[in-house]
Amino acid sequence: MVPESPTGIEPIPSIEGRPVYTASGERLGEAVDLCVDLNADRVTALLVSVEDPPEGLEVGPRGVRVPFKWIRGMADIVVLTGDPALEAAD
């Protein structure tokens, strides 16, 4: 159990290794890390390692970057809102 924060902000549990699925149910890969905009204090994207990239998907050394607005839900797995075109993550 996570202790209650005095600021009311809950910490993000580790998402590393959680499977990531598209809205159509296809496994995209595994969550690696979150991208955070420190100036705006917000999460901007999820880094995903991709084992078997779909044709035409450019994969960088750290995988692909999924914009956070495309994440439908995060628990034991991560589900995306669609089958988006993704960016390679350096």
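Reading the values: rules and limits
- Residues numbered from 1 in each chain as written.
- Predicted model: local features only at pLDDT ≥ 70, side-chain atom pairs only at ≥ 80, totals over all residues.
- Heavy atoms only, no water.
- Helix = DSSP H or I, 4+ residues; strand = E, 2+ residues; numbered from the N terminus.
- Buried < 20%, exposed > 50% of the residue type's maximum accessible area, 1.4 Å probe, protein only.
- Contact = heavy atoms within 4.5 Å.
- Areas by Shrake-Rupley, 256 points an atom, 1.4 Å probe, with all protein chains shown as cover.
- Core = buried A, V, L, I, M, F, W, Y, C linked by side-chain atoms within 4.5 Å.
- Salt bridge = Lys/Arg side-chain N within 4 Å of Asp/Glu carboxyl O.
- Lys, Arg positive; Asp, Glu negative; His and termini not counted.
- Polar contact = N/O pair within 3.5 Å; in protein donor to acceptor, adjacent residues only side chain to side chain.
- pLDDT = per-residue confidence, 0-100.

## Let's talk about the overall build of the chain
Step number 1: Assigned secondary structure in the chain consists of zero helices and seven strands.
Step number 2: For the chain, the succession of helices and strands along the chain, N to C, is β-β-β-β-β-β-β.
Step number 3: Buried positions account for 30% of the 90 residues belonging to the chain.
Step number 4: Restricting to contacts in the chain with at least 6 residues of sequence separation, those with at least 24 account for 36%.
Step number 5: Summed over all atoms, the accessible surface of the chain reaches about 6,200 Å², with 50% contributed by carbon and sulfur.

## Points about the nonpolar core
Step number 1: Residues Val 20, Leu 28, Leu 46, Val 48, Val 66 and Leu 80 are the most contacted members of the largest nonpolar core, which totals 14 residues.
Step number 2: Mapped by element, the contributors of at least two residues to this core are β2 (27-37), β3 (42-49), β4 (64-67) and β6 (78-80).
Step number 3: Here Val 48 is in contact with Val 20, Leu 28, Gly 29, Glu 30, Val 32, Arg 62, Gly 63, Val 64 and Val 66, once residues within four sequence places are set aside.

## Here's the deal with the pattern of salt bridges
Step number 1: Inspection of the entire model under this criterion finds two salt bridges.
Step number 2: Between Arg 27 and Glu 51 there is a salt bridge whose closest N-O contact spans 4.0 Å. Of the two residues, Arg 27 sits in strand β2 while Glu 51 sits in the loop between β3 and β4, which places them 24 residues apart along the sequence.
Step number 3: Through salt bridges that share partners, Arg 27, Glu 30 and Glu 51 make up one connected network.

## Observations regarding the side chain of Arg 18
Step number 1: When you line up the elements, Arg 18 lands in the segment before β1 (19-21).
Step number 2: Here Arg 18 is buried and forms no salt bridge, its nearest opposite-charge partner Asp 76 lying at an N-O distance of 5.6 Å.
Step number 3: A polar contact of 2.9 Å, which involves the side chain of Arg 18, links it to the backbone oxygen of Ser 14.

## A few points about the confidence of the model for the chain
Step number 1: Residues at a pLDDT of 70 or more form 74% of the chain, whose mean pLDDT is 80.
Step number 2: The secondary-structure element of the chain with the lowest mean pLDDT is strand β7 (residues 87-88), recorded at 54, while β1 shows the highest, at 94.

## A closer look at the side chain of Thr 22
Step number 1: Looking at where Thr 22 falls in the secondary structure, it is placed in the loop between β1 and β2.
Step number 2: One polar contact links Thr 22 to Ser 24, side chain to side chain, over a distance of 3.1 Å.

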